[in-house]
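# Geometric and topological summary
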2 protein chains.
Amino acid sequence: MIGVFDSGVGGLSVVKEIFKSLPNQKIIYFGDTARLPYGTKGADFVKKYSEKITEWLLGKGANVIVIACHTSSAQAGKYLKERFKNIPIFDMISPCLQELSHFNRIGVIGTPGTIKSRVWDAPNVVSKSCPLFVPLVEEGWIDKEITKEIVKEYLKDFNNIEALVLACTHYPMLEKIIKKITKAKIIDPAKIVTQKLKLFLDDESVVPGENQFFFSDEPYNLKKISKLCLGKEIKPIIYDPF
Amino acid sequence: MIGVFDSGVGGLSVVKEIFKSLPNQKIIYFGDTARLPYGTKGADFVKKYSEKITEWLLGKGANVIVIACHTSSAQAGKYLKERFKNIPIFDMISPCLQELSHFNRIGVIGTPGTIKSRVWDAPNVVSKSCPLFVPLVEEGWIDKEITKEIVKEYLKDFNNIEALVLACTHYPMLEKIIKKITKAKIIDPAKIVTQKLKLFLDDESVVPGENQFFFSDEPYNLKKISKLCLGKEIKPIIYDPF
């Protein structure tokens, strides 16, 4: 069973890719809606709860962990891999860093936490935090003129980038509008990570059981987001183990 | 000592009014940045932490409590007043409800939590949640054309209102731009609440000690917000007692 966690509902955009590539797997999802967003929180806080959640998912029977949250990947990824040495842990960043080395100029957009962590820093990378994108997506304003203007404002310094990394789980939901503003190749890390996961996992036979979606508090606009990501509603289990 | 709490830094707009009206008082502030925002969380969560924070502030020597957070006022105000019967507790809503009864048509804007709580519901009230306003303020986009467009979008159904209540601590920081969109009288509950507080407290002699500002996690953009609200930077104490 694949344990997937995120600070909230955005990780469902990663679940979408897992379902596409590994249709026979089962996932257990934990969205830390009680403590979201991670993107503007301190690194210690993010580490502490990422560790608690990983432990909890393992206790529930997960044997592979996907850190869907980019902030958590940036601030806790390395720590979790050391802390849980025998467990395969996939974060949203390291598989992408390898894939992107051949571009001359890359733009990376993410939460303040992800950008501040400097995990994406490289000579060929320009980065920018876009704190308005998450509330825009959660408000469902994914094709409004205002949203286009905000995207334009955030991307205005990204001249001549060849690729643009959407380093936050919510951002792929703005992909259509982002494509109107930039000609750069859009990179959704969830797709890269899921390919790596596919190489690792055997998807030949159907894993028994049900997919489970836990949230530590009532998720805001879950209906909208799950339809946007998965094309259907999911049944949330509201439970805060911490 | 006045104990003031909020989910984050927005409550500093309430502190601003307290400093103006009661210059001799001392405050102890708690911003629950580790768990912010409250505005999209469930009512039980907000109640639980509002109670914990009130207890903690009383333990630190506060003898009056101001619930600066509107979501907390809406979802936990009544509960806290019952739970701490002997302590004077001021919330952001009840003093305003009395003041506003003479208007024929009032608009109220706040977080999803405040609006969902229906605490503002009345025959003469139309209300709307504006989840993008908080991140706009925290991003410092308080006088951008985009912000004006977003304000316009949110207020488009507020025809013929006589007064507009800014029922979230961040919103007064958008007052200038809101005034460009609506001719309604702008009501900042912090001003009304502070007047009530002034009737209650004797401000004749200087309370000794220092103002203290606690935050349960590193606050995002504190410098910007404290300058905006208080005209100067404050020294945060980062401490999570829970």
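Residues numbered from 1 in each chain as written. Chains lettered and ligands numbered in written order. Predicted model: local features only at pLDDT ≥ 70, side-chain atom pairs only at ≥ 80, totals over all residues.

### Notes on the overall build of chain A
Counting its secondary structure elements, chain A contains 10 helices and 10 strands. Taken over the C-alpha trace, chain A has a radius of gyration of 17 Å; the compact-globule value for 242 residues is 18 Å, and the two agree within 12%. Across its three principal axes, chain A shows a C-alpha extent of roughly 45 × 35 × 35 Å. Among the 242 residues that make up chain A, the fraction classed as buried is 51%. Across chain A, the fraction of contacts at a sequence separation of at least 24, relative to all contacts at a separation of at least 6, is 72%. (Helix = DSSP H or I, 4+ residues; strand = E, 2+ residues; numbered from the N terminus. Rg over C-alpha atoms; globule rule 2.2 N^0.38 Å. Buried ≥ 20, exposed ≤ 12 C-beta atoms within 10 Å, placed from the backbone. Contact = placed C-beta atoms within 7 Å.)

### Structural notes on unusual backbone geometry
Residue and element names in this part refer to chain A. Of note, the bond from L36 into P37 is cis; its omega dihedral lies within 30 degrees of zero at -5°. Within the fold, P37 resides in the loop between β2 (27–31) and α2 (43–59). Residues other than glycine seldom take positive phi values, yet N221 does so here, at roughly 60°. Mapped onto the elements of the fold, N221 is located in the loop between β9 (212–215) and α10 (222–230). A tally of 17 C-beta atoms within 10 Å means that N221 is categorised as partly exposed.

### Section: the domain arrangement of chain A
All names here are of chain A. As far as domains go, chain A holds domain 1 (2–92 + 191–238) and domain 2 (95–188). Centre-to-centre, using C-alpha coordinates, domain 1 lies 21 Å away from domain 2. At the interface, 25 residues of domain 1 touch 20 residues of domain 2. For the side of domain 1 that touches domain 2, the elements supplying multiple residues, two or more each, are α1 (12–21), α3 (70–83), α9 (189–200) and α10. (Domains from an automatic or database assignment.)

### Observations regarding the sheet that holds strand β8 (residues 185–187) of chain A
Residue and element names in this part refer to chain A. With respect to topology, 4 strands assemble into an open sheet ordered β6-β5-β7-β8, the strand pairing being parallel. The two strands at the open ends of the sheet, each matched to only one other strand, are β6 (125–129) and β8. Shown here is a sheet whose adjacent strand axes are inclined to one another by a mean of 20°, direction ignored. Examined bridge by bridge, strand β7 (residues 163–167) and β8 share 3 bridges and lie parallel to one another. Within β8, the position partnered with A163 by the bridge is K185. (Pairing = 2+ DSSP bridges. Axes fitted to C-alpha atoms, helices over the stretch in contact; angles between N-to-C directions.)

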